[in-house]
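# Inside the fold
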Amino acid sequence: MDVGSRVVAWSDGNRFAVDALTAALTGMIVLPMTALLGSASRPMAFLLPGAMVAAMAWRRTRPAASAAVVHSAALAHILLGQPVLLPADLLVPWSFWSVLVHGPRWAGRVGLAGALAGSAMVGVQLASTPPAALAAGVGIALVFLTTWSAGQARLARREAVDALRDRARRLEVERDQQAHLAAAAERARIAREMHDI
């Protein structure tokens, strides 16, 4: 097993620890930038992005709940009048990817619906500048549709790899069974010859 495979296996075996560390490091970058760009006078300017970052610690162990928190907090900050796009909003496509790849299929569909609704809300909030509103809404929707497509491709690849592994496992079991049967047949043949002698 090469080093890359060992790192991936270790990461998969310690998902929460890896994701919690990644969320903490991401928070150290994203939260100060979000606080600077957001309305710092409002408590929600810190609470909602903090909830988004914290939820990313569960992005692979509890992907549906993590995505629900991240998406809800992003929609809430739009409804509360925060600036339309904050650095913490970069967590939304990341959590969407996580729920597509690691979560149940229904959660991915709900996430896509929420992402498209959020895209429309951004367009509505920017309605005072119509070209910007259309461009922002369409651009954000395209980001999520691209993430959806990439997530579906990743799922298809993972299912194909899992099917190949299962087939290899079954072939190995079948080969072992054939070897046992061949050995038993050989023993029976030898026993018959000994009996005939």
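Residues numbered from 1 in each chain as written. Predicted model: local features only at pLDDT ≥ 70, side-chain atom pairs only at ≥ 80, totals over all residues. Heavy atoms only, no water.

Our focus in this paragraph is the overall build of the chain. When you go through the chain residue by residue, the secondary structure sums to seven helices and zero strands. Each helix and strand of the chain, ordered N terminal to C terminal, gives the series α-α-α-α-α-α-α. Here the C-alpha atoms of the chain give a radius of gyration of 26 Å, more than 25% beyond the 16 Å that 2.2 N^0.38 yields for 197 residues. Dimensions along the principal axes, computed over C-alpha positions, put the chain at roughly 100 × 30 × 25 Å. Long-range contacts, defined here as pairs at least 24 residues apart, represent 71% of the contacts in the chain between residues at least 6 apart. By element, 69% of the accessible surface of the chain is carried by carbon and sulfur atoms, the whole surface being about 12,000 Å². (Helix = DSSP H or I, 4+ residues; strand = E, 2+ residues; numbered from the N terminus. Rg over C-alpha atoms; globule rule 2.2 N^0.38 Å. Contact = heavy atoms within 4.5 Å. Areas by Shrake-Rupley, 256 points an atom, 1.4 Å probe, with all protein chains shown as cover.)

The full count for this structure, using the stated rule, is eight salt bridges. For Asp-166, the salt bridge is made with Arg-170, and the minimal N-O distance between the two is 3.2 Å. Here the residue Asp-166 and the residue Arg-170 both occupy positions in helix H7 (residues 130–196), the gap between them amounting to four residues, near one helical turn. By relative accessible area, Asp-166 is classed as partly exposed at 32%. Arg-175 is the salt-bridge partner of Asp-176, the closest N and O atoms lying 3.8 Å from each other. (Salt bridge = Lys/Arg side-chain N within 4 Å of Asp/Glu carboxyl O. Buried < 20%, exposed > 50% of the residue type's maximum accessible area, 1.4 Å probe, protein only.)

On to the packing of helix H5 (residues 91–102) against helix H6 (residues 105–125). At a closest axis distance of 8 Å, the pairing of H5 and H6 adopts a crossing angle of 155°. As the angle between them shows, H5 and H6 are arranged roughly antiparallel. Crossing geometry of H5 relative to H6 is assigned as left-handed. For the pair H5 and H6, contact is made by Phe-96, Val-99 and Leu-100 and by Ala-107, Gly-108, Gly-111 and Leu-112, respectively. Of the residues assigned to the contact of H5 with H6, the class counts are five nonpolar, two polar and no charged. (Axes fitted to C-alpha atoms, helices over the stretch in contact; angles between N-to-C directions. Parallel < 35°, antiparallel > 145°, perpendicular 65-115°, else oblique. Left-handed = near helix turned anticlockwise from the far one by under 90°. Nonpolar A, V, L, I, M, F, W, Y, C, P; charged D, E, K, R; others polar.)

By size, the foremost hydrophobic cluster in this structure holds 26 residues, and its most contacted members are Met-52, Val-70, Leu-91, Val-92, Phe-96 and Phe-144. For this core, the elements supplying multiple residues, two or more each, are helix H2 (15–37), helix H3 (44–55), helix H4 (63–79), H5, H6 and H7. Beyond its immediate sequence surroundings of up to four residues, Val-92 is in contact with Met-52, Val-70, His-71, Ala-74 and Phe-144. (Core = buried A, V, L, I, M, F, W, Y, C linked by side-chain atoms within 4.5 Å.)

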